[in-house]
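The primary structure of each chain is shown beneath.
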Amino acid sequence: RLSYPSAEEVAAYKFSPEDEIHLAHNRGRVVSGTPEQVRAQLTKLAAEYDVDEIVVVTITADFQDRLRSYELLAEAFELPASAVGVTSVAIPSPA
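This is a predicted model, so every value here is computed, not measured.

Asks: Could you clarify how one ought to interpret the packing of aromatic side chains in this entry?
Replies: Pairs of aromatic rings are described using the distance from one ring centre to the other and the angle between the two planes. Taken as a whole and judged by the stated rule, the model has 1 aromatic pair. The interplanar angle of 70° and the centroid separation of 4.8 Å between the aromatic rings of Tyr 13 and Phe 15 together place this pair among those described as edge-to-face.

Written out as structure tokens, the structure is:
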């Protein structure tokens, strides 16, 4: 099982110039923000790629934080609480 650094460890880490280049490249591939912002970003991505499902992976040091992120995502898409942990969810078309 992989472990991920805590927010404090990441904040204290000194990134190399190569790390900074890698991070800058990946920022465009990350979806983050409030639940409403994440919903809007995922809905836009789904429309741009003409898909009705998106796989979401949250990487955090703490499993409970990861689970909470999925709960917030389910709430943002107005899914039942039982949807947390499902393997796929249809993304509604933008209005």
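Asks: Is there a simple way to explain the side chain of Thr 60 in this structure?
Replies: Looking at where Thr 60 falls in the secondary structure, it is placed in the loop between helix 3 (35-49) and helix 4 (63-76). By relative accessible area, Thr 60 is classed as buried at 18%. One polar contact links the side chain of Thr 60 to the main-chain carbonyl oxygen of Asp 62, over a distance of 2.8 Å. Once residues lying within four places of it in the same chain are set aside, the contact partners of Thr 60 are Tyr 4, Asp 65 and Arg 66.

Asks: Sorry if this is basic, but what is going on with the pattern of salt bridges here?
Replies: When the charged atoms of two side chains with opposite charge come close together, those side chains can pair. One pass over the structure, following the stated rule, counts 3 salt bridges. In this structure, Lys 44 engages Glu 48 in a salt bridge whose closest nitrogen and oxygen atoms are separated by 3.6 Å. Within this pair, Lys 44 and its partner Glu 48 are both found in helix 3, separated by 4 residues, close to a single helical turn. Between Glu 71 and Arg 68 there is a salt bridge, and its shortest N-O distance comes to 3.4 Å. Highlighted residues: Glu 71 and Arg 68, both in helix 4, separated by 3 residues, approximately one helical turn.

Asks: Which parts of the structure should I look at to understand the environment of Val 56?
Replies: Inspection of the secondary structure assignment puts Val 56 in the loop between helix 3 and helix 4. Among the residues examined, Val 56 registers a relative accessible area of 32% and is labelled partly exposed. Between the C-alpha atom of Val 56 and that of Val 31, which follows or precedes it by 25 residues, the distance is 9.4 Å.

Asks: I would appreciate a short explanation of the confidence of the model for the protein chain in the present structure.
Replies: A low pLDDT means the predicted coordinates there should not be read in detail. Put simply, the protein chain has an average pLDDT of 85, and 83% of its residues get 70 or more. Between the elements of the protein chain, mean pLDDT differs from a low of 89, seen in helix 4, to a high of 94, seen in helix 3.

Rules used in this analysis
- Residues numbered from 1 in each chain as written.
- Predicted model: local features only at pLDDT ≥ 70, side-chain atom pairs only at ≥ 80, totals over all residues.
- Heavy atoms only, no water.
- Phe/Tyr/Trp six-rings, centres within 6.5 Å; stacked < 30°, edge-to-face > 60°.
- Helix = DSSP H or I, 4+ residues; strand = E, 2+ residues; numbered from the N terminus.
- Buried < 20%, exposed > 50% of the residue type's maximum accessible area, 1.4 Å probe, protein only.
- Polar contact = N/O pair within 3.5 Å; in protein donor to acceptor, adjacent residues only side chain to side chain.
- Contact = heavy atoms within 4.5 Å.
- Salt bridge = Lys/Arg side-chain N within 4 Å of Asp/Glu carboxyl O.
- pLDDT = per-residue confidence, 0-100.

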